[in-house]
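One-letter residues, chain by chain:
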Amino acid sequence: MRILFLTHSFNSLTQRLYVELTERGHDVSIEYDINDVVTVEAVRLFQPDLIFAPYLRRAIPEEIWRNHLCLVVHPGIVGDGGPSALDWAILNGATEWGVTVLQANGEMDAGPVWASVNFRMREGRKSSLYRNEVTEAAVTAVLLAIERFSRGDYVPLSPGAGQADVRGQWHPLMNQSDRQIDWSTDDARTVLRKINSADGSPGVTDRLGKELFHLYDACEEDSLRGKAGEIIARRHGAFCRATRDGAIWIGHLKKIAPGERTFKLPATLVLNEILAHVPEVSLSLEFSRDRKTYKEIWYEEMGEAGYLYFDFYNGAMSTEQCRRLLEAYKQVRQRPTRVIVLMGGHDFWSNGIHLNSIEAASSPADESWRNINAMDDLVEAIIMTDTHLTVAALRGNAGAGGAFLALAADRIYARTGVVLNPHYKNMGNLYGSEYWTYLLPRRVGERGREIMENRLPLGAKAAKRCGLIDDCFGKDADDFVAQVESIVAALAEDVSHETQLKEKQLQRTKDETSKSLLHYRTEELERMKLNFYGFDPSYHVARYNFVFRVPNSWTPLHLARHRRVSRKIAVSTNEI
């Protein structure tokens, strides 16, 4: 089936749906929602059987929905409507929520329902719920809608028609006043819900000192206490602020400056002067998994296996974070265990270098260089580990340098719903490092060139088929982790463990003799140096557009397949 996606951007949900539909043989093309003229042209060029809007911020043009079946993926239960669906569900403490696939018509979020899937809500950030529960429900609902459309006999119902249990209702756009924090009266749970309801976008407006900021990346603190509203501690980019009954950590801020473009940064980097006299509260690498506090890197042992977690906001790894993770890895490597499991984060395993921190630096080129070298140091340490078997366990998505960080491990497992983007070119033709020219070919051989050039997301199943990862499984993150723990326990107890280590050491010696890691790194960094310091500014422009969320002005041809065809025809005609 020919399916066109009309979307604001190629976000995580859109990527996952693209992976699932192409995996099932559908011919999928993508068009960014630039304006009505562009959208109408895309439909004319592709002539789709079905149009999906997985992530739109405005209505589909009437000219399109009157002549084509257009299905909108709405992150709300049946009957719910409005642009802040998930925000209200979180703020109101909903215990169940859902995703509805409805037909576009002249009324926003009120068309006939083609499919709906509900899920249990957990206490979490909007961005995290969107990437996990919402995405999984959306996949199920979209596949059901396609199956019903293919049958040709399904008649969708209007929301509420013949359904006495419809609980959804229209909600207006949530304003800052709806989630304004009163630090003197709000309890910790209320503050956390308010910030969680806005995580990702737009953030919660709050005053710190004399300036206004948007707050993001919050978590609860279970032991530190202070006067309500007082900033009582800081740790690794975050600060802790007391509530009337507890305390909340804030990891990221965006300054509100009228007439000035700003972007998210680690909170302590933004509030450097305000936090100068706030005590730094350290945290040991090992602690109880039940502990509630701000943590980016932590470690657990189960039998003869060590599990190293690194949960960085949005998967981005700054120079400082890479160095801290490397030091933690060195400590873990000294433990009397047999297997090291790299667990990454819940939502993202890793996305490579930290573009926002780079953009904020006095010299983005110099910070880019420091960051990529810090990533390389980390990857090299994993590759060179000859005392343990290493496992990368991907609960969440991985992209760019983060995907190649995973390839440094001996074995790679991913949750079934994980999406990988093992390429760099979308960031201004960035060449990339992290020893990818060594790690990728040893996994997939000649297919590496195709993976790097097509710049498209790769689902876990496809990654397994081509050899990029060893296996994928797990209906959700908890199920995946349980299965990983079982596999790792068997690895650690395997009587052939020492033999496997010796084989690993021999292969590393053979590879080093053929071409040293230093040689690979030098070649890659020479190309990266051109990206950072050369005459072509593409990387710096692309990074700026990414960090400042500059709206798309066109759809890249690797996504808009319908435009590749028309472009080839135009070129051929001109040549004649």
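Residues numbered from 1 in each chain as written. Predicted model: local features only at pLDDT ≥ 70, side-chain atom pairs only at ≥ 80, totals over all residues. Heavy atoms only, no water.

Trainee: Help me understand the pairing of strand E9 (residues 231-235), please; the structure alone is not making it clear to me.
Mentor: A regular strand places its side chains so that they alternate between the two faces of the sheet. For E9, a buried count of 4 out of 5 residues is recorded, marking the element as mostly surrounded by other parts of the structure. When E9 meets strand E10 (residues 238-242), the two strands line up antiparallel, connected through 4 bridges. Each bridged residue has a counterpart across the sheet, and for Arg234 the counterpart in E10 is Phe239. Between the antiparallel neighbours E9 and E10 lie 2 residues, among them His236 with a positive phi of about 45 degrees. (Buried < 20%, exposed > 50% of the residue type's maximum accessible area, 1.4 Å probe, protein only. Helix = DSSP H or I, 4+ residues; strand = E, 2+ residues; numbered from the N terminus. Pairing = 2+ DSSP bridges.)

Trainee: Hey, could you run me through the sheet that holds strand E13 (residues 297-302) in this one?
Mentor: Hydrogen bonds along the backbone pair up the strands of a sheet, which may run parallel or antiparallel. Read from one edge to the other, the open sheet built from 6 strands follows the order E13-E14-E15-E17-E19-E22, with strand pairing classed as mixed. Of all strands in the sheet, those with a lone pairing partner are E13 and strand E22 (471-473), marking the two edges. Recorded for the sheet is a direction-independent mean angle of 20 degrees between the axes of neighbouring strands. The sheet contact formed by E13 and strand E14 (residues 305-310) spans 6 bridges and is antiparallel. (Axes fitted to C-alpha atoms, helices over the stretch in contact; angles between N-to-C directions.)

Trainee: Which parts of the structure should I look at to understand the nonpolar core?
Mentor: Soluble globular proteins tend to pack their nonpolar side chains together in the buried interior. Grouped together as the largest cluster of nonpolar side chains are 72 residues, with contacts concentrated most on Leu308, Trp349, Leu394, Leu420 and Leu468. When residues of this core are assigned to their parent elements, the largest contribution, 9 residues, is made by helix H10 (residues 364-383). Not counting chain neighbours up to four residues away, the residues in contact with Leu468 comprise Leu407, Ile412, Leu420, Pro422, Leu440, Arg443, Val444, Leu458 and Ala463. The next biggest cluster of nonpolar side chains, apart from the first, holds 42 residues, and it includes Phe5, Ile77, Trp114 and Tyr130. (Core = buried A, V, L, I, M, F, W, Y, C linked by side-chain atoms within 4.5 Å. Contact = heavy atoms within 4.5 Å.)

Trainee: Please explain the pairing of strand E5 (residues 96-103) as it appears in this structure.
Mentor: Taking burial as the measure, the 8 residues of E5 include 6 buried ones, the bulk of the element. Here strand E4 (residues 70-74) runs beside E5; their pairing, made up of 4 bridges, is antiparallel. Counted as the bridge partner of Val73 is Val101 from E5. Where E5 and strand E6 (residues 113-120) come together, 7 bridges link them in antiparallel fashion. Each bridged residue has a counterpart across the sheet, and for Val99 the counterpart in E6 is Val117.

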